Amino acid sequence: MDEPALLDKWKTAPRVDDIMRYLQKRIDARRRTGILFDDEIRTELGVWLTEVLADRPADESTLQHYLDTLGEWRLQLHPHLATHRGLPGKVFVWIKKRILYPPLRWIVEQVEVNAWRQDRLNLSLLRVLEETVIENGRLKARVARLERAEADRSVPAPDETPAP
Amino acid sequence: MKVAFVIHRYAESIVGGSEFHCRRIAEEMASRHDVEVLTTTAEDYVTWKDGFAPGLETINGVKVRRFRIKARRNLVRFKEISDLCFYEKAHTADDEREWVRANGPETPELLQFIRDHKADYDVFIFYSFRYYPSYFGLLEVAEKSILVPTAEEDAAVHLSIFADYFNRPAGALFLTPEEQDLVGKVAHGVLPPSDIIGFAVDIPPGLDAAGFRIRHGLSHPFLLYVGRIDRNKGCDGLFRYFLEYDRRKTHDIDLVLAGTKALDIPNHTRVKYLGFLTDKEKFEALQSSELLVMPSPYESLSIVVLEAWAMGKATLVNGLCKVLRGQSRRSNGGLFFSNFSEFCAGLDFLLENREIREALGRSGRDWLAANFSWTRLLDKIDDLVGRTIKRS
């Protein structure tokens, strides 16, 4: 259906999914540059990114697993106040918690939103990177299989070996 | 049937959120059953500061029994325990229960009353899983309880203590399919029998949109936001998007905001703040607007979006919120955005195509009328109670 006919149809029976697809096409049309000019690749990329960036439990990421083995890496805004020094240590912790912690907390709250934005971006980049690595691994395995199959085909079967 | 609603705050002045949902359902249910509300004396939702006297009173025909809170919410302590439970892997179930206690409003007298009068009620309907009265109260009377979790996709729902808690009530009432899905995913095992009730909207009589515009000096077409003006509601993002949209001068449109202010509002000729509106004025604002915008990323149900559809107005909502996205798609009542490009494209489309915008509003209204009436909603609750609670 062409655009005027669609718009006419929606005046009586609007379909949100159809309108959103129509708007997405309009947005994409404005963005067309380089490789993204290819409609198929652009659509694939959109679907792929949506899937990759969809919320997943943190422990599902392989890269995070490897990062965790090197120590804590997630954003940590909560200062860990503990001591192994007995009573004097407890006094210091008390001073830190009751006197130093409140102004520190205030400063943290001022940067918290930006910190979480950066954390989300880091997590998203990790997921994209991980999926790219997985995809690359799959492609390599597929290419290797195809190359083996190609090599097998080019070697003549024993009964087809020409007589000397 | 004698029904007790248990909720952290209850007052006629609260016109949004789970408290409003609870009050309206209690008021409507009072026409069928003997309804009582067990709540606290808290008024302020941040500190739980007292605003009401303890004891018995009647609000719109419903008996309300208020219990003293033990202490106001200690915000420093709450932040500390939140940091521990949400960001430290090495925390215990006791820490999480301590989080619920710190979240408050802590009312041991209310828990004692539930313990002592368990036999006096046929069913207890608990609102909002994250608050002290519902969490600890439900555990006292699990076999005759219905939970209305009002869960959103935030960190609290993933705390480990709630995975078991969600399986404890005899039944559960959800506001949307997305909420049911979320709770189903975090709960251990199979959820108890449940239903999705949503909400029914009542439009006050005698609305005067023209008078409202004159009273508030609104001479331009406007995009309306109603609700708490808060970063958690996505308002900072809305301000950034709207000001950038306005800089491009595509359409002559203002942004009008109504609700309690918890965030600085940009000082800009196109952005107007009306303050807190009465229920009637809220509907007049909706009637006067071109469309409603809802930028909130976390909602278990947006009542104001339903109210916009009831007024035949299209909506533009945050598509990153599964509930808002799902509601928009099911009703065909409005569009959604996940980024600035989609915000601009959606807004341009709605402003350039008046007839489609109106058709979306009508579609939302028809969907609301077909799915959410008080009779239907109360029948669903009665049916769930009948299926799940053994009555003496």
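Rules of the game
Residues numbered from 1 in each chain as written. Chains lettered and ligands numbered in written order. Predicted model: local features only at pLDDT ≥ 70, side-chain atom pairs only at ≥ 80, totals over all residues. Heavy atoms only, no water. Helix = DSSP H or I, 4+ residues; strand = E, 2+ residues; numbered from the N terminus. Rg over C-alpha atoms; globule rule 2.2 N^0.38 Å. Contact = heavy atoms within 4.5 Å. Areas by Shrake-Rupley, 256 points an atom, 1.4 Å probe, with all protein chains shown as cover. Lys, Arg positive; Asp, Glu negative; His and termini not counted. Charge placed at Lys NZ, Arg CZ, Asp CG, Glu CD. Axes fitted to C-alpha atoms, helices over the stretch in contact; angles between N-to-C directions. Parallel < 35°, antiparallel > 145°, perpendicular 65-115°, else oblique. Left-handed = near helix turned anticlockwise from the far one by under 90°. Pairing = 2+ DSSP bridges. Salt bridge = Lys/Arg side-chain N within 4 Å of Asp/Glu carboxyl O. Buried < 20%, exposed > 50% of the residue type's maximum accessible area, 1.4 Å probe, protein only. Buried area = accessible area lost by both parts, 1.4 Å probe. Polar contact = N/O pair within 3.5 Å; in protein donor to acceptor, adjacent residues only side chain to side chain. Patch = residues over 30% accessible without salt bridge, like charges linked within 9 Å, V, L, I, M, F, W, Y side chains within 5 Å. Nonpolar A, V, L, I, M, F, W, Y, C, P; charged D, E, K, R; others polar. Domains from an automatic or database assignment.

**Student:** Before we go on, may I ask you to explain the overall build of chain B in this structure?
**Tutor:** Each helix and strand counted, chain B has 15 helices and 14 strands in total. Taken over the C-alpha trace, chain B has a radius of gyration of 21 Å; the compact-globule value for 392 residues is 21 Å, and the two agree within 12%. Seen through its principal axes, chain B has C-alpha atoms that stretch 65 × 45 × 40 Å. For chain B, the share of sequence-separated contacts (at least 6 apart) that also reach a separation of at least 24 residues comes to 67%. Looking at chain B as shown, the accessible area adds up to about 15300 Å², and 48% of this sits on carbon and sulfur atoms. Counting 52 positive and 56 negative side-chain charges, chain B places the centres of these two groups 1 Å from one another.

**Student:** How do you make sense of the packing of helix H4 (residues 108–116) of chain B against helix H5 (residues 132–140) of chain B when you look at a structure like this?
**Tutor:** Axis angle and axis distance: for two packed helices, these are the angle between their axes and the distance between the axes, and together they describe the pair. Residues and elements named next belong to chain B. Relative orientation of the contacting elements H4 and H5 amounts to 25°, with a least axis distance of 10 Å. As the angle between them shows, H4 and H5 are arranged roughly parallel. Pair H4 / H5 crosses with right-handed handedness. Taking contact as the criterion, the partners of Pro108, Leu110, Leu111, Ile114 and Arg115 in H4 are, on H5, Tyr132, Pro133, Phe136, Gly137 and Glu140.

**Student:** I would appreciate a short explanation of the sheet that holds strand S11 (residues 271–273) of chain B in the present structure.
**Tutor:** Consider a sheet: its strands pair through backbone hydrogen bonds, and that pairing is either parallel or antiparallel. Residues and elements named next belong to chain B. Taken together, 6 strands build an open sheet; the order of strands is S11-S10-S9-S12-S13-S14 and the sheet is parallel. The sheet terminates laterally at S11 and strand S14 (334–337), the two strands that pair on one side only. Going from strand to strand, the sheet's axes swing by 25° on average, the running direction of each strand aside. Contacts between helix H9 (residues 235–247) and the sheet are confined to strand S9 (222–226), strand S10 (254–258), S11, strand S12 (291–294) and S14, with S10 contributing the most and set at about 160° to the helix. The sheet contacts of helix H13 (residues 340–352) involve S9, S12, strand S13 (315–318) and S14, and relative to S14 the element is tilted by about 160°.

**Student:** Teacher, can you tell me more about the pattern of salt bridges here?
**Tutor:** Should their charged atoms come close, side chains of opposite charge can pair. All names here are of chain B. Per the stated rule, a full pass over the model turns up 44 salt bridges over all chains. With a shortest N-O distance of 3.5 Å, Arg231 and Asp236 are connected by a salt bridge. For Arg231, a relative accessible area of 43% corresponds to the partly exposed category. Residues joined by salt bridges that share partners form a network here, namely Arg23, Arg24, Glu27, Glu28 and Asp202.

**Student:** What should I look at first to understand the sheet that holds strand S4 (residues 62–67) of chain B in this one?
**Tutor:** All names here are of chain B. Read across the open sheet, the 8 strands follow the order S3-S4-S2-S1-S5-S6-S7-S8; overall the sheet is mixed. Each edge of the sheet is formed by a strand with only one pairing partner; in this case those strands are strand S3 (55–59) and strand S8 (194–196). For this sheet, the mean angle separating the axes of adjacent strands, direction not counted, is 20°. Where strand S6 (residues 145–148) lies against strand S7 (residues 171–174), 2 bridges are found, and the strand directions are parallel. In the sheet register, Leu147 faces S7, and the bridge partner there is Ala172.

**Student:** Is there a simple way to explain helix H11 (residues 303–310) of chain B in this structure?
**Tutor:** Turn by turn, an α-helix covers 3.6 residues, leaving residues three or four places apart pointing in a common direction. Residue and element names in this part refer to chain B. Counting buried positions over the 8 residues of H11 gives 8, a clear majority of the element. Restricting attention to buried positions, one finds in H11 the residues Ile303, Val304, Val305, Leu306, Glu307, Ala308, Trp309 and Ala310. Gly312 lies just past H11 and shows a positive phi near 75°.

**Student:** Help me out: how do you make sense of the interface of chain A and chain B in this one?
**Tutor:** Counting residues at the interface gives 27 residues for chain A and 30 residues for chain B. Across the chain A/chain B interface, buried area totals approximately 2700 Å², and carbon plus sulfur atoms make up 57% of it. The interface formed by chain A and chain B holds 4 salt bridges in total. Between Lys11(A) and Glu355(B) there is a salt bridge, with its nearest N and O atoms 3.6 Å apart. Connecting chain A to chain B are 2 residue pairs in polar contact (both at pLDDT 80 or more). Counting residues per element, the ones that place at least two in the side of chain A that touches chain B are helix H1 (3–12), helix H2 (16–31) and helix H5 (86–154) of chain A.

**Student:** Is there a simple way to think about a nonpolar patch on the surface in this case?
**Tutor:** Residues and elements named next belong to chain A. A contiguous nonpolar surface patch, about 750 Å² in accessible area, is contributed by Leu87, Val91, Phe92, Trp94, Ile95, Ile99 and Leu100. As for its placement among the helices and strands, Leu87 is situated in helix H5. Exposure remark for Leu87: the relative accessible area of 65% places this residue in the exposed category.

**Student:** Is there a simple way to explain the side chain of Thr40(B) in this structure?
**Tutor:** All names here are of chain B. Take Thr40: it is sitting in strand S2 (residues 34–40). One polar contact links the side chain of Thr40 to the main-chain amide nitrogen of Ala42, over a distance of 3.1 Å. Ignoring any residue separated from it by four or fewer positions in sequence, one finds Thr40 in contact with Ile7, His8, Arg66, Phe67, Ile69, Pro105, Thr107 and Pro133.

**Student:** Looking at this structure, I do not really get the environment of Thr150(B). What am I missing?
**Tutor:** Residues and elements named next belong to chain B. Mapped onto the fold, Thr150 is located in the loop between S6 and helix H6 (160–165). Considered as a pair, Thr150 and Leu301 are 151 residues apart in the sequence and their alpha carbons are 7.8 Å apart. The contact partners of Thr150, leaving out residues within four places of it in the chain, are Ser18, Tyr127, Ser128, Phe129, Leu175, Glu179 and Ser300. Looking at Thr150, its side chain comes within polar contact range of the side chain of Ser128, at 2.8 Å.

**Student:** I tried to follow the packing of H11(B) against helix H14 (residues 354–371) of chain B on my own but got confused; where do I start?
**Tutor:** Residue and element names in this part refer to chain B. Two elements in contact, H11 and H14, have axes separated by 7 Å at closest approach and are oriented at 110°. By the criterion of interaxial angle, the relationship of H11 to H14 is roughly perpendicular. Here H11 contributes Leu306, Trp309 and Ala310 to the contact with H14, which in turn contributes Gly361, Gly364, Arg365, Trp367 and Leu368. Here the residues of the contact of H11 with H14 sort into 5 nonpolar, 2 polar and 1 charged.

**Student:** Is there a simple way to think about the domain arrangement of chain B in this case?
**Tutor:** Accessible area lost during the coming together of the parts is what is often quoted as the interface size. All names here are of chain B. When its domains are assigned, chain B resolves into domain 1 (2–200 + 373–388) and domain 2 (209–371). Contacts between the two partners involve 20 residues from domain 1, matched on the other side by 18 residues from domain 2. Both faces combined, the contact of domain 1 with domain 2 buries some 1500 Å², and carbon together with sulfur accounts for 59% of it. For the pair domain 1 and domain 2, the number of links is 1 salt bridge. With its nearest N and O atoms 2.8 Å apart, the salt bridge here joins Glu178 to Arg330. Inspection of the domain 1/domain 2 interface yields 3 residue pairs in polar contact (both at pLDDT 80 or more). The set of elements that each furnish at least two residues to the side of domain 1 that touches domain 2 consists of helix H1 (17–29) and helix H7 (177–186). Here the side of domain 1 that touches domain 2 is built from residues that sort into 7 nonpolar, 7 polar and 6 charged.

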